[in-house]
Amino acid sequence: MENSEALALSAALLAAAGELTQRIHEGVLARGFEGLRPAHGFAFTRLAPDGATVTDLALHLGVTKQAASQLVDELVRKGYVERRPHPEDARARLVVMTGRGWACARAAEEAAAEAVRPWAERLGEQGARALRGALLTVAPRGPVRPTW
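Report follows, based on the coordinates. (Residues numbered from 1 in each chain as written. Predicted model: local features only at pLDDT ≥ 70, side-chain atom pairs only at ≥ 80, totals over all residues. Heavy atoms only, no water.)

**Comments concerning the pattern of salt bridges**
Our working rule: The salt bridge definition used is simple: a Lys or Arg side-chain nitrogen within 4 Å of an Asp or Glu carboxyl oxygen. A run of DSSP states H or I qualifies as a helix once it reaches four residues; a run of E qualifies as a strand once it reaches two. Both are numbered from the N-terminal end. The rule is simple: take the accessible area with a 1.4 Å probe, protein chains only, and divide by the maximum for that residue type; under 20% is buried, over 50% is exposed, in between is partly exposed.
One pass over the full model with this rule turns up 9 salt bridges. One salt bridge in this structure joins Arg 37 and Glu 74, with 2.8 Å as the shortest N-O distance. Of this pair, Arg 37 sits in the loop between helix 1 (3-30) and helix 2 (38-47) while Glu 74 sits in helix 4 (residues 65-77), and the two are 37 residues apart along the sequence. Owing to a relative accessible area of 41%, Arg 37 belongs among the partly exposed residues under this scheme. Salt bridges here are not isolated pairs; linked through shared partners, they connect Arg 31, Glu 110 and Glu 114.

Put into structure tokens, the structure is as follows:
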């Protein structure tokens, strides 16, 4: 692949990711989950299903422990997550999603389905599945994190 083609591919993927992030965020807000930023959704992807420590969350988001702790404090105040004793490490706290957090995650899932529906319409179901397969081949495990 030529450099210009690689750059065009990179730009297209970044544009798609940015648009997708924005559309999911707008869909979550439209479903009544106010006071959130896209970074919160990226945190939720790490907290589901079993929770995580602030250190785990910081690594996932690519931020300092202090920044992750501030984000968790904000989500606690808004009722989306709570801190619990860690079941395996008495010194650590586990951050887990509350019922409100899980409801928000379901809203994000619905918004994501709405956001990619036009892609499936343009590409066809088979084309959309092929795109998903290709992306999972090159980025099988993430992490799903914001591009700061």
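And the narrative resumes.
**Observations concerning the side chain of Glu 74**
Going by this rule: Contacts are assigned to residue pairs that have any heavy atoms within 4.5 Å of one another.
Take Glu 74: its relative accessible area is 16%, and that puts it in the buried class. Beyond its immediate chain neighbours, meaning those up to four positions away, Glu 74 contacts Gly 35, Arg 37 and His 40.

**Points about the nonpolar core**
To be explicit about the condition: Buried Ala, Val, Leu, Ile, Met, Phe, Trp, Tyr and Cys residues form a nonpolar core when they are joined through side-chain atoms within 4.5 Å.
By size, the foremost hydrophobic cluster in this structure holds 23 residues, and its most contacted members are Phe 44, Leu 47, Tyr 80 and Val 81. Looking at this core, the elements that each hand over two or more residues are helix 2, helix 3 (54-61), helix 4, strand 2 (93-97) and helix 5 (99-138). Here this core takes 5 residues from helix 2, the largest share from any one element. Residue contacts for Leu 47: discarding those within four places in its chain leaves Ala 52, Leu 57, Val 81, Val 95 and Met 97.

**Some details on a nonpolar patch on the surface**
Basically, it comes down to this: Residues enter patches when they are more than 30% accessible in relative terms and free of salt bridges; like-charged ones are connected within 9 Å and nonpolar ones (Val, Leu, Ile, Met, Phe, Trp, Tyr) within 5 Å. To measure how exposed things are, a 1.4 Å probe is used in the Shrake-Rupley method; for residues, cover is taken only from the protein chains shown.
Taken together, the side chains of Met 1, Leu 9, Leu 13, Leu 123, Leu 131, Leu 135 and Val 138 define a hydrophobic patch exposed on the protein surface, amounting to about 680 Å² of accessible area. Of all the elements in the fold, those that place two or more residues in the nonpolar patch are helix 1 and helix 5. The leading source of residues in the nonpolar patch is helix 5, at 4 residues. Relative to the elements of secondary structure, Val 138 occurs in helix 5. Accessibility expressed as a relative area gives 68% for Val 138, which makes it exposed.

**Remarks on unusual backbone geometry**
The amide bond that connects Ala 48 to the next residue, Pro 49, takes the cis arrangement and shows omega of 5°. As for its placement among the helices and strands, Pro 49 is situated in the loop between helix 2 and helix 3.

**What to know about the packing of aromatic side chains**
What counts is decided by this rule: Here the aromatic set is Phe, Tyr and Trp, taking the six-membered ring for Trp, and pairing holds for ring centres within 6.5 Å; pairs whose planes are under 30 degrees apart are stacked, those over 60 apart are edge-to-face, and all others are tilted.
The full count for this structure, using the stated rule, is 2 aromatic pairs. Pairing Phe 33 with Tyr 80 gives two aromatic rings, centres 6.5 Å apart and planes at 50°, and the pair type is tilted. Taken together, the positions of Phe 33 in the loop between helix 1 and helix 2 and Tyr 80 in the loop between helix 4 and strand 1 (81-85) put the pair 47 residues apart, joining distant regions of the chain. Classification of Tyr 80 by relative accessible area gives buried; the value is 0%. Ring geometry for Phe 44 against Tyr 80: centres 6.0 Å apart, planes inclined by 50°, an arrangement best described as tilted.

**Things to note about the pairing of strand 2**
Quick reminder of the rule: Being paired, for any two strands, means DSSP has found at least two bridges between them.
The buried fraction of strand 2 is high, at 4 of 5 residues. Note that strand 1 and strand 2 share 5 bridges and pair antiparallel. Across the sheet, the residue bridging to Val 81 is Met 97, located in strand 2.

**Some points on the packing of helix 2 against helix 3**
Stated formally: Here an axis means a line fitted to C-alpha atoms, over the contact stretch when the element is a helix, while the angle between two N-to-C directions is reported on a 0 to 180 degree scale. Working definition: roughly parallel below 35 degrees, roughly antiparallel above 145 degrees, roughly perpendicular at 65 to 115 degrees, and oblique for all remaining angles. We call a crossing left-handed when the near helix sits turned anticlockwise from the far one by less than a right angle, and right-handed when that turn is clockwise. Under the convention adopted here, Pro, Cys and the residues Ala, Val, Leu, Ile, Met, Phe, Trp and Tyr are nonpolar, Asp, Glu, Lys and Arg are charged, and Gly plus all remaining residues are polar.
With their axes 10 Å apart at the nearest point, helix 2 and helix 3 run at an angle of 120° to one another. Taken together, the axis directions place helix 2 and helix 3 in an arrangement best described as oblique. Crossing of helix 2 against helix 3: the hand is right-handed. Only Asp 56, Leu 57, His 60 and Leu 61 of helix 3 make contact with helix 2, whose side of the interface consists of Ala 39, Phe 42, Ala 43, Thr 45, Arg 46 and Leu 47. Split by residue class, the contact of helix 2 with helix 3 holds 6 nonpolar, 2 polar and 2 charged.

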